[in-house]
Amino acid sequence: MARPKSKESLDPENEPPPGRRDGSNAKSRPRPVRRSSRYSPAEVHEIFRRFSVQRPEPKGELEHVNAFTLLVAVVLSAQATDSGVNKATRALFKAADTPRAMLDLGEPRVGDYIRTIGLWRNKAKNVIALSQALIRDHGGQVPDDRDELIKLPGVGRKTANVVLNMAFGQHTMAVDTHIFRIGNRLGLAPGKTPEQVEQGLLKIIPDEYMRHAHHWLILHGRYVCKARKPDCPACVIADICKADVKTTSIPAPLVPIAPGETAVAENQQP
């Protein structure tokens, strides 16, 4: 007669994975990537409180004059630097700052303006195609809906989230390489994909900080928690940070950073 199962064995968390038996010699499965934040709600609140003191009104570094030019600039920024995009779009946006004007300009001339940007031929096609779609489907206006934005040529989830946040003030999280790195390096919102990191951040960031959270994280990743070597002595959250690679637990002085200082820092990047 088989022994009755103990109370512990009835716990689903203690049962072996499907397809395996207790005591088998099968190779153990790799441990799943941690999906929960390593920080308490109080710690997350303090992280973003400090970011808000450091940069009270953070601004995106892509130059634009309206929702349409913002959309175009973000599309052009794929695999390109913000400064490189800005150099090309200053003249482009003087010539065309609406979908109709861009369409009238035509693909060859758009290409001439953005020739210094990587993948410029394909991007010129997308800019014309999305201008056509905006005129045809949205009366020439940029929609404030993610699903509609993603339907536009050259627009993915990250681009849509940037436009929704910057042009329409929606509490979105556009996960670029900087935010993806920070989410995983710090254990703030671990995830294997940008969307997993996005959902993790949306879950833990207090609503009062969501309006600017996207920019704070990007700027922190660009100037402090850099890809090759984080500048921990310059980090205002060094005492809270739980990254394995951090080199100090002494936070940098919490003082506001003027926009001009950010530009200087960008020029000093290797």
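About the criteria used
- Residues numbered from 1 in each chain as written.
- Predicted model: local features only at pLDDT ≥ 70, side-chain atom pairs only at ≥ 80, totals over all residues.
- Heavy atoms only, no water.
- Phe/Tyr/Trp six-rings, centres within 6.5 Å; stacked < 30°, edge-to-face > 60°.
- Helix = DSSP H or I, 4+ residues; strand = E, 2+ residues; numbered from the N terminus.
- Buried < 20%, exposed > 50% of the residue type's maximum accessible area, 1.4 Å probe, protein only.
- Disulfide = S-S within 2.5 Å.
- Core = buried A, V, L, I, M, F, W, Y, C linked by side-chain atoms within 4.5 Å.
- Contact = heavy atoms within 4.5 Å.

If you had to explain the packing of aromatic side chains to someone new, which residues and values would you point to?
With the rule as written, the count across this model stands at two aromatic pairs. Pairing Phe48 with Phe51 gives two aromatic rings, centres 5.7 Å apart and planes at 90°, and the pair type is edge-to-face. Residue Phe48 and its partner Phe51 are located together in helix 1 (residues 41–54), separated by three residues, close to a single helical turn. Judged by relative accessible area, Phe51 falls into the buried class, the value being 2%. Ring centres of Tyr209 and Trp216 lie 6.1 Å apart, and the angle between their planes is 65°; this geometry places the pair in the edge-to-face category.

I'd like a description of the state of the cysteines, backed by residues and values.
In this structure the tally under the stated criterion is zero disulfides. With no disulfide partner, Cys241 has as its closest neighbouring cysteine sulfur the one in Cys235, 6.0 Å distant. Under the relative-accessibility criterion, Cys241 is labelled buried at 11%.

Break down the nonpolar core for me, with residues and values.
Ranked by size, the top nonpolar core spans 35 residues in total, and within it Leu71, Leu76, Met102, Val110, Ile114, Leu149 and Leu152 carry the most contacts. Listing elements by their share of this core, those giving two or more residues are helix 2 (67–76), helix 3 (82–95), helix 4 (99–105), helix 6 (120–138) and helix 8 (157–168). Counting residues per element, this core draws most heavily on helix 2, which supplies eight residues. Dropping the residues within four chain positions of it, Val110 is found in contact with Met102, Leu105, Ala124, Val127 and Ile128. Core analysis: the second largest hydrophobic core is formed by 33 residues, Phe51, Leu201, Tyr223 and Ile240 among them.

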